[in-house]
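Remarks on the overall topology
Chain by chain, the residues:
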Amino acid sequence: MHSRHSSLFAGSERGGRTWAILTSLLNTCRLNDVDPLTWLTDVLARIVSGRTKSHQLHELLAWNWKAARMPQSLQEAA
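Below, the structure is looked at part by part. The structure displayed is predicted, hence computed values, not measured ones.

Attention now goes to helix H3 (residues 36–49). The α-helix winds at 3.6 residues per turn, so residues separated by three or four positions along the chain end up facing the same way. A rise of 1.5 Å per residue sets the reference length of H3, with its 14 residues, at 20 Å; its end C-alpha atoms lie 20 Å apart and thus fit the reference within 8%. Regarding H3, the residues found buried are Pro36, Trp39, Asp42 and Val43. Summarising the axial view, the buried residues of H3 lie within an arc of 145°, below the 170-degree limit, and thus occupy one face. The exposed set on the far side of H3, more than 90 degrees from its buried face, consists of Leu37 and Val48. Against helix H2 (13–31) and helix H4 (62–69) lie the buried residues of H3. Gly50 lies just past H3 and shows a positive phi near 85°.

Structure, rendered in structure tokens:
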């Protein structure tokens, strides 16, 4: 409920859309046991630097990003 209440103060329709996108990304991280700040920092750095090309963006989804960072032994156990 807190999130919805806070979104009322987005300021504009565009602000509301931005709020919805950000909230969706953060909740996706939480649902996948990914630290949102670590994920967002890495994803933005990869996009800005060009290390991740446009055809590789699916690799930056929270669940794929997490899987790529798990040690191989943990992946096999899961």
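Having seen it, we continue.
This part covers the pattern of salt bridges. Two side chains that carry opposite charge are able to pair once their charged atoms sit near each other. Under the definition given, this model contains 2 salt bridges. With a closest N to O distance of 2.9 Å, Asp42 and Arg69 form a salt bridge. Taken together, the positions of Asp42 in helix H3 and Arg69 in helix H4 put the pair 27 residues apart, joining distant regions of the chain.

With that settled, the discussion passes to the side chain of Asp42. Relative accessible area serves as the criterion here: at 19%, Asp42 is assigned to the buried category. A distance of 2.8 Å separates the side chain of Asp42 from the side chain of Arg46, its partner in a polar contact. Discounting chain neighbours no more than four positions away, the residues touching Asp42 are Arg51, Trp65 and Arg69.

Before going further, it helps to spend a moment on the packing of H3 against H4. Interaxial distance between H3 and H4 falls to 11 Å at its minimum, and their mutual angle equals 90°. Between H3 and H4, the angle is such that the two are roughly perpendicular. Along its contact with H3, which presents Thr38, Trp39, Asp42, Val43 and Arg46, the element H4 presents Ala62, Trp65 and Arg69. Partitioning the contact of H3 with H4 into residue classes produces 4 nonpolar, 1 polar and 3 charged.

Definitions and limits used
Residues numbered from 1 in each chain as written. Predicted model: local features only at pLDDT ≥ 70, side-chain atom pairs only at ≥ 80, totals over all residues. Heavy atoms only, no water. Helix = DSSP H or I, 4+ residues; strand = E, 2+ residues; numbered from the N terminus. Expected span 1.5 Å × (residues − 1). Buried < 20%, exposed > 50% of the residue type's maximum accessible area, 1.4 Å probe, protein only. Arc of directions from axis to C-beta. Contact = heavy atoms within 4.5 Å. Salt bridge = Lys/Arg side-chain N within 4 Å of Asp/Glu carboxyl O. Polar contact = N/O pair within 3.5 Å; in protein donor to acceptor, adjacent residues only side chain to side chain. Axes fitted to C-alpha atoms, helices over the stretch in contact; angles between N-to-C directions. Parallel < 35°, antiparallel > 145°, perpendicular 65-115°, else oblique. Nonpolar A, V, L, I, M, F, W, Y, C, P; charged D, E, K, R; others polar.

Nothing here speaks to function; it is geometry throughout.
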